[in-house]
Every structure is written in structure tokens, then in C-alpha cells.
Amino acid sequence: MDVVVALLALFFVLCVAAGVVLTVKATRAVKRGVERTVADTRRTVQETTLRARRAVQPGAAGDIAGLRLSLRNSIDATRRELEHAVQGDPGLRESIGLLDRLHEYARQVDGELRHLEREPDKSRIAERLPELRGRAERIAQSANSLRWAAQDRARHTAQDEDGLDALTTQIDLETGALRHWTPADGQETTAPGAASSEGPSEAAPGEKARPADGAGRSPKQPPALSSGGTPEGQDAFQALLSKIEKMRKPESA
């Protein structure tokens, strides 16, 4: 009995522990989702504000807003490209590490540009802006180069795996084989001697066509009368011919 109670108590403790773990994981997931949503919303608001300042405010204020917006767009676009490409190419993980280091420099430049936006002294702005513009352009160019290199790598990898030339050649061979088909064994085919049974065959060059029995003879030459092949029949046949000749002579006279 004590063993059963101990097992039930242990099972209850395990259920409670599993429930606590699941609750903590769900809470963390919800927290990360909320933080991600808040960060995306804040980023959208900041980018919209920077676009409005770049379009509306002239002079140094518009230039600073344009630099910050260009820097953000370059870093964000490169991160999206690398995170998408690393799923099929693990070799790009090192590139993500380089982008993280580059992002730290971008944050520093963005912070200095943000402070410069609130600077009331225009001479100070004119002094600091060229140096910050050069750094921002270098960071943006490095991020763009990293993104373009990842795109070129993905394109070349897809071309090597696809083997379009080999596939096209194989399709051409298969197409030719399908066009030159042969009938199956169960299909009816014309026998070699079928033409001779349907009609008279043509004579070969240099040979005279042999007429069929009773065909091809001239109408003026009737077939010879058979006498039966006996001596009595031959004598009767000769006597008949003699009578016919005698009957023809008076008519001709």
C-alpha cells in the first residue's frame, strides 16, 4: 500500500513539474512574441517618421533622416536575406556573425546621428555631418555587399544543382524516342505477303508478266479443243475439221 501511495505522489509531482515547465515556456514564448511585435511597431513608426522628415525638412535635418533610413534599410534587408538563405546553406552562419558586428557599428552611427538631430548649433552639425555620412555610407555599402554576395552564392548553387543543360539534353533524347515509336506485339501489322494476295504483283524489271489462267489471251485465238487424248477421239476430231474445210470452200468460191 505504501508503494502505491509513493508512486501516486511521484506521479503527482511529475505532473506538477511538467505543468510548471510548460507554463514557463508558454510565458516566455508569449513574452518574445510581444517584444517582437513591440519592436516591429516601434521600428515601423521610426521609419515612417524618418521618411516624413527626409521629405519635409530641408537641409541638414533631411540629410540626417535620409542617412539613418538608408542605414536601417541596408542592415535589415541583409539580415532578412541571410536568415532566409542560411536555412538551405549552413555556410552562411559566419556571414550572420559578421553582420552582427557590423550592426553594432551601425547602432553607434545611428545614435550619433540621432543626437545630431537635436543639436541646435548648426555649425556643430555642419562639422560632424560629413564624417558621420562617410561612416554610414561605408556601413551601408558593406551590408549591401554581404547581401549581394549571398544572393550570388544562392543563384550559382541553384544552377549547379539544377543541371539545366543536362536536363534539356535528356528531354530532347526522350522526345525523339517517343516520336519514333514501334507498334506493340498485340497490334495488327501488314504481313509481307498480304499485297500478293490482294492483287497481282508487279513484274520485276526485265521479266515478262505471266498471265493468269484463261486471261491475257487474244480473242482471235480461242483455246484449243481437247480431244480427250484417245486415238478414236483424235480421228473424230480430224474428220470434223475436214468437213468444216469442205463447207468453207464453196462459200469462198
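Reading the values: rules and limits
- Residues numbered from 1 in each chain as written.
- Predicted model: local features only at pLDDT ≥ 70, side-chain atom pairs only at ≥ 80, totals over all residues.
- Heavy atoms only, no water.
- Helix = DSSP H or I, 4+ residues; strand = E, 2+ residues; numbered from the N terminus.
- Contact = heavy atoms within 4.5 Å.
- Areas by Shrake-Rupley, 256 points an atom, 1.4 Å probe, with all protein chains shown as cover.
- Core = buried A, V, L, I, M, F, W, Y, C linked by side-chain atoms within 4.5 Å.
- Buried < 20%, exposed > 50% of the residue type's maximum accessible area, 1.4 Å probe, protein only.
- pLDDT = per-residue confidence, 0-100.
- Patch = residues over 30% accessible without salt bridge, like charges linked within 9 Å, V, L, I, M, F, W, Y side chains within 5 Å.
- Salt bridge = Lys/Arg side-chain N within 4 Å of Asp/Glu carboxyl O.
- Lys, Arg positive; Asp, Glu negative; His and termini not counted.
- Charge placed at Lys NZ, Arg CZ, Asp CG, Glu CD.
- Axes fitted to C-alpha atoms, helices over the stretch in contact; angles between N-to-C directions.
- Parallel < 35°, antiparallel > 145°, perpendicular 65-115°, else oblique.
- Left-handed = near helix turned anticlockwise from the far one by under 90°.
- Nonpolar A, V, L, I, M, F, W, Y, C, P; charged D, E, K, R; others polar.
- Expected span 1.5 Å × (residues − 1).

1. Section: the overall build of the chain
1) Next: Along the backbone of the chain there are seven helices and zero strands.
2) Next: The order of helices and strands in the chain, counted from the N terminus, is α-α-α-α-α-α-α.
3) Next: Relative to all contacts within the chain whose residues are 6 or more apart in sequence, the contacts with residues 24 or more apart total 61%.
4) Next: In the structure as shown, the chain presents an accessible area of about 20,300 Å², 57% of it carried by carbon and sulfur atoms.

2. Considerations on the nonpolar core
1) Next: In terms of nonpolar packing, the biggest core is built from 24 residues, with L71, I75 and I139 touching the most fellow members.
2) Next: The set of elements that each furnish at least two residues to this core consists of α2 (60–85), α3 (93–117) and α4 (122–162).
3) Next: No other element matches the nine residues that α4 contributes to this core.
4) Next: Apart from the residues within four sequence positions on either side, I75 is in contact with L99, L102, H103, A106, I139 and A143.

3. Side note on the confidence of the model for the chain
1) Next: Per-residue confidence for the chain gives a mean pLDDT of 75, with 73% of residues at or over 70.
2) Next: When pLDDT is averaged over each element of the chain, α3 comes out on top at 91 and helix α6 (residues 194–198) at the bottom at 45.

4. Overview of a positive patch on the surface
1) Next: Together, R28, K31, R32 and R36 make up a positively charged patch on the protein surface.
2) Next: Along the chain, the position of K31 falls in helix α1 (residues 2–56).
3) Next: Note on K31: relative accessible area 53%, which makes it exposed.

5. Topic: a nonpolar patch on the surface
1) Next: On the surface, F12, V13, V16, V20 and V24 cluster together into a nonpolar patch covering about 440 Å² of accessible area.
2) Next: Residue position: V20 is located in helix α1.
3) Next: Of the residues examined, V20 reaches a relative accessible area of 47% and is grouped as partly exposed.

6. Notes on the packing of α2 against α3
1) Next: Contact geometry of α2 with α3 gives a least axis separation of 10 Å together with a crossing angle of 165°. Here α2 lies roughly antiparallel to α3, going by the angle between them. When the axes of α2 and α3 are compared, the crossing they make is left-handed.
2) Next: Here the residues of the contact of α2 with α3 sort into 13 nonpolar, three polar and eight charged.

7. Quick look at helix α5 (residues 164–179)
1) Next: Helix length check: α5 (16 residues) gives 23 Å between terminal C-alpha atoms against 22 Å at 1.5 Å per residue, within 8%.
2) Next: The buried fraction of α5 is low, at zero of 16 residues.

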